[in-house]
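Chain and residue survey
Each chain, letter by letter, is given below.
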Amino acid sequence: MSLVSTVRNTLVPIHREGYRFIAIFFVVSLVLGFLWEPLMWIGFLLTAWCAYFFRDPERMTPIDDDLVISPADGRVSSVATVMPPEELGLGSEPMLRISVFMNVFNGHVNRAPVSGTVRRIAYRAGSFVNAELDKASQENERNGLVIETKHGAIGVVQIAGLVARRILCWTAENARLEAGERFGLIRFGSRLDVFLPEGAQPRVTLGQTAIAGETVLAEFGSAKGPVISRRA
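If you're wondering where the values come from, they're calculated on a predicted model, not measured in any experiment.

Considerations on the UniProt feature "active site" (unreviewed entry) in the protein chain
- This chain's UniProt record puts "active site" (unreviewed entry) on Ser-190.
- Looking at the element boundaries, Ser-190 is found in strand 11 (residues 190-196).
- The class of Ser-190 is buried, set by a relative accessible area of 0%.

Side note on helix 3 (residues 37-53)
- Its 17 residues place the ends of helix 3 25 Å apart at the C-alpha level, agreeing with the 24 Å of an ideal helix rising 1.5 Å per residue.
- As for helix 3, its buried residues are in contact with helix 2 (19-35) and strand 10 (182-187).

Looking at the UniProt feature "transmembrane region" (unreviewed entry) in the protein chain
- In the numbering used here, UniProt assigns the feature "transmembrane region" (unreviewed entry) to residues 21-54.
- With 94% helix and 0% strand, residues 21-54 has end C-alpha atoms that lie 9 Å from one another.

So, the confidence of the model for the protein chain
- On average, the protein chain scores 85 in pLDDT, and the residues at 70 or more come to 84%.
- The weakest mean pLDDT in the protein chain belongs to helix 1 (residues 3-10) at 48; the strongest belongs to strand 1 (residues 67-69) at 97.

Looking at the environment of Gly-126
- Here Gly-126 lies in the loop between strand 5 (116-124) and helix 4 (136-139).
- With 34 residues separating them in the primary sequence, Gly-126 and Ala-160 have C-alpha atoms 8.8 Å apart.
- The contacts of Gly-126, once residues within four sequence positions are left out, are Glu-139, Asn-140 and Glu-141.

Considering the packing of helix 2 against helix 3
- Where helix 2 contacts helix 3, the two axes come as close as 7 Å, and the packing angle between them is 170 degrees. Relative to helix 3, the element helix 2 is oriented roughly antiparallel. Contacts between helix 2 and helix 3 involve Phe-21, Ile-22, Phe-25, Phe-26, Ser-29, Leu-30, Leu-32 and Gly-33 on the former and, on the latter, Glu-37, Leu-39, Met-40, Gly-43, Phe-44, Leu-46, Thr-47, Trp-49, Cys-50 and Ala-51.
- For the contact of helix 2 with helix 3, the per-class residue count stands at 13 nonpolar, four polar and one charged.

Calculation rules
Residues numbered from 1 in each chain as written. Predicted model: local features only at pLDDT ≥ 70, side-chain atom pairs only at ≥ 80, totals over all residues. Heavy atoms only, no water. UniProt positions renumbered as here; feature names shortened; annotations may be inferred. Helix = DSSP H or I, 4+ residues; strand = E, 2+ residues; numbered from the N terminus. Buried < 20%, exposed > 50% of the residue type's maximum accessible area, 1.4 Å probe, protein only. Expected span 1.5 Å × (residues − 1). Contact = heavy atoms within 4.5 Å. pLDDT = per-residue confidence, 0-100. Axes fitted to C-alpha atoms, helices over the stretch in contact; angles between N-to-C directions. Parallel < 35°, antiparallel > 145°, perpendicular 65-115°, else oblique. Nonpolar A, V, L, I, M, F, W, Y, C, P; charged D, E, K, R; others polar.

Listed below in structure tokens is the structure:
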């Protein structure tokens, strides 16, 4: 492998949404440097963090319509059966919800958990409490997608967090999404909820680290029950 190939494989691509923020951080760092040099170096560290935040690496997504893939990098913060948000129109029965919490050091590009057609996109204004709290699913600003699949309708909800103030969604109603395909981004710190119909079995446990586009959150059509884990 050549040196150029090694460097290219080591450096993680940055999503275009991050370019202007990185530029702002960099310029502010230079300005602060004229006031007091140590501030410039602190600014450069924050600029590096900003670039890290907007990283957008390639992912290897399993191709299997029975699998539900994590839509976000982060930590599995909830696996529970709850009522889905009203605006998604997913019915009045509780559904399996798997939540992935993203802190400010996780990548924040969101990916489709399943392949299917986007039947509904529903934005709802709200507050900005800590996205790790369970009440964030109901109280916080959020943007929900309903994806029609062979297993029924699946809900994916982007939830703003304590620091996040901007939810981006790049897909549209009636668009086709493939599992692992990028569909949005949240700035800066947030959560993704996935609502699954009957027949889905969790394949993750609380506290597990999830990788967007790669980690299997749940599976349809399996006789195996939920995953049991141990701390090692």
